[in-house]
Amino acid sequence: MITIYHNPRCSKSREALALAEQYSSEHQLKLEVVDYQKTPLTLAQLKTLHKQLGGPVSAMVRDNEAEYAELNLAQADDATLLQALASHPKLLQRPVVTYQERSVIARPPQLFNDLMDT
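The paragraphs below set out a description of the structure included in this document.

Thresholds applied
- Counting of residues starts from 1 at the beginning of each chain's written sequence and follows it residue by residue.
- Totals for whole chains, interfaces and linings use all residues, but because this is a predicted model, local features are given only for residues with pLDDT of at least 70 and pairs of side-chain atoms are given and counted only at 80 or more.
- With hydrogens and water excluded, all non-hydrogen atoms of the structure serve as input to the side-chain values.
- Numbered from the N terminus, helices here are DSSP runs of H or I no shorter than four residues, and strands are runs of E no shorter than two.
- Atoms considered for the radius of gyration are the C-alpha atoms alone. The globule rule reads 2.2 Å times the number of residues to the power 0.38.
- Relative accessibility decides the category of a residue: with a 1.4 Å probe and only protein chains considered, values under 20% of the type maximum give buried, values over 50% give exposed, and everything between is partly exposed.
- It only takes one pair of heavy atoms within 4.5 Å for two residues to be counted as in contact.
- Here the accessible surface of atoms and residues is derived via Shrake-Rupley with a 1.4 Å probe, and residues count as covered only by protein chains that are part of the display.

Structural notes on the overall build of the protein
Looking only at helices and strands, the protein features 5 helices and 4 strands. Relative to the globule expectation of 13 Å for 118 residues, the C-alpha radius of gyration of the protein, 14 Å, shows essentially globular dimensions. Overall size of the protein, expressed as C-alpha extent along the three principal axes, is 45 × 25 × 20 Å. Looking at the 118 residues of the protein, the share that counts as buried comes to 42%. Considering only contacts in the protein between residues 6 or more positions apart, those separated by 24 or more positions represent 61%. Total accessible area on the protein stands at roughly 6,600 Å², and carbon and sulfur atoms take up 48% of it.

By themselves, these are just geometric observations and shouldn't be taken as functional.
The following block contains the structure:
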């Protein structure tokens, strides 16, 4: 199953969703689309996602959102960033695609193809 954490208002997220829909149809895979702003990820889910993504937690955070500055997250540690993501889902980078316990921030959307090719 492919899961995409999606923001329908984001053009990059819509592009990645189109790629995921096409791939899932061609390969007969189930596709789960999660509007993470309507259904925020729990702290446990965010920790799992971080493991699957690899890299620093800060890479998961949209640092151009007003909440980022308001919450003073520039020097925050991983635990603080994860809690901020759980409390303020708007801060999550998008789109995030998960397949077979691996994830990628599909920005640009073509990174989706890299995930599916490995």
